[in-house]
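Chain residues, written in single-letter form:
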Amino acid sequence: MNTRVLFSSLFYRLVIGLLLLLICGVLSYAGYKGVLKLFQAYPILKIDIVGDLNFVEPAKLQSLVIRCTEGTNYFQVPLEELRREMLQLEWIEEVRIKKVWPNRLEVFLVELRPVAVWQNKFLISSKGDLVEVEDIEVNHAFLPRLSGGEDQVAWLLESYQLMTPLLNQGGGRLIALELTDYFHWRLSVHHGGSDVEVWLARDKVIDQLARFNSMMDAISALGERRPVRLDLRYPQGIAVKWAELDENAL
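Notes on the structure in this doc start here. (Residues numbered from 1 in each chain as written. Predicted model: local features only at pLDDT ≥ 70, side-chain atom pairs only at ≥ 80, totals over all residues. Heavy atoms only, no water.)

Before going further, it helps to spend a moment on the packing of helix H2 (residues 58–69) against helix H3 (residues 79–87). The N-to-C vectors of H2 and H3 enclose an angle of 160 degrees; their axes lie 10 Å apart at closest approach. As far as their axial angle goes, H3 and H2 are roughly antiparallel. The way H2 lies across H3 gives a crossing that is right-handed. Residue-level contacts link Leu 61, Leu 64, Val 65, Arg 67, Cys 68 and Thr 69 of H2 to Glu 81, Leu 82, Glu 85 and Met 86 of H3. In the contact of H2 with H3, the residues fall into six nonpolar, one polar and three charged. (Axes fitted to C-alpha atoms, helices over the stretch in contact; angles between N-to-C directions. Helix = DSSP H or I, 4+ residues; strand = E, 2+ residues; numbered from the N terminus. Parallel < 35°, antiparallel > 145°, perpendicular 65-115°, else oblique. Left-handed = near helix turned anticlockwise from the far one by under 90°. Contact = heavy atoms within 4.5 Å. Nonpolar A, V, L, I, M, F, W, Y, C, P; charged D, E, K, R; others polar.)

Here you go:
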């Protein structure tokens, strides 16, 4: 009798256990299907690009956004990947992305500002990105002009960023910078109300600009004549071309 009762108890426990397993399986499958259905819902249907954009190529931006969001939805869209990819585009400085329920993305973009003009034809960003624009002399006349070989953009930009603060310390402003075929630097510097052409050797630029600042201080102290050309390529001296005296002013 005890054996039969024990057997019945074990049998009922086994049946109950199997039923519970079955119920759990059904619920798990239903939950899985529900979650899967949820993830398949709410696809990204609209992407708003916010920002004052002048140089970013719309075709590249659109292609990137489609590639990173296609087949995803509100829950799955890879925001960090999309942000990293956008930062690789030319002229992009900052990217912020926000999800808006239930199916929209807001992308906030900040462009790099142009820092110079290359070959009187292209604008240059601080990263060295180039973009060709029209009416550059009219709309960007305030930017310094850089010129050199086609493969020297990065070198010219780095040199410009080095020379600018050094000239500013002496009261000058770099207007134009050229690397000649003989790898000499030719600068146009606005100083004391007038422009002066400055020639530098390729090496020891910092030392030469320090001499230029000292020379301009000494010339300013004279107060009468002003130079139109300074050549600092000589290790032990400076060649100066002076502006013509205005006889009517004497």
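That covers the picture; the talk isn't over yet.
With respect to topology, three strands assemble into an open sheet ordered S1-S3-S2, the strand pairing being mixed. Where the open sheet ends on each side, the last strands, each with one partner, are strand S1 (46–50) and strand S2 (92–100). Taking each pair of neighbouring strands and ignoring which way they run, the sheet shows an average axis angle of 20 degrees. When S1 meets strand S3 (residues 104–111), the two strands line up parallel, connected through five bridges. Opposite Ile 47, over in S3, you have Leu 105 as the bridge partner. Contacts from H3 reach S2 and S3 within the one sheet, and its direction differs from that of S2 by about 155 degrees. (Pairing = 2+ DSSP bridges.)

This part takes up unusual backbone geometry. A negative phi holds for most residues other than glycine; trans holds for most peptide bonds. Along the chain, Trp 101 connects to Pro 102 via a cis peptide bond; the corresponding omega equals 5 degrees. Within the secondary structure, Pro 102 is located in the loop between S2 and S3. With a phi close to 55 degrees, Asp 135 is a non-glycine residue in the positive phi region. With respect to the element layout, Asp 135 can be found in the loop between strand S6 (130–132) and helix H4 (136–139). The class for Asp 135 is exposed, based on a relative accessible area of 53%. Phi at Phe 183 takes a positive value of approximately 60 degrees, unusual for a residue other than glycine. Here Phe 183 lies in the loop between strand S8 (172–179) and strand S9 (185–191). Owing to a relative accessible area of 35%, Phe 183 belongs among the partly exposed residues under this scheme. (Buried < 20%, exposed > 50% of the residue type's maximum accessible area, 1.4 Å probe, protein only.)

This brings us to the pairing of strand S11 (residues 227–231). In this sheet, S11 lies alongside strand S10 (residues 194–200) in parallel orientation, the contact comprising three bridges. Across the sheet, residue Glu 197 finds its bridge partner in S11, namely Arg 229. The pairing of S11 with strand S12 (residues 239–242) spans four bridges and is classified as antiparallel. Note that in S12 the partner of Arg 229 across the bridge is Lys 241.

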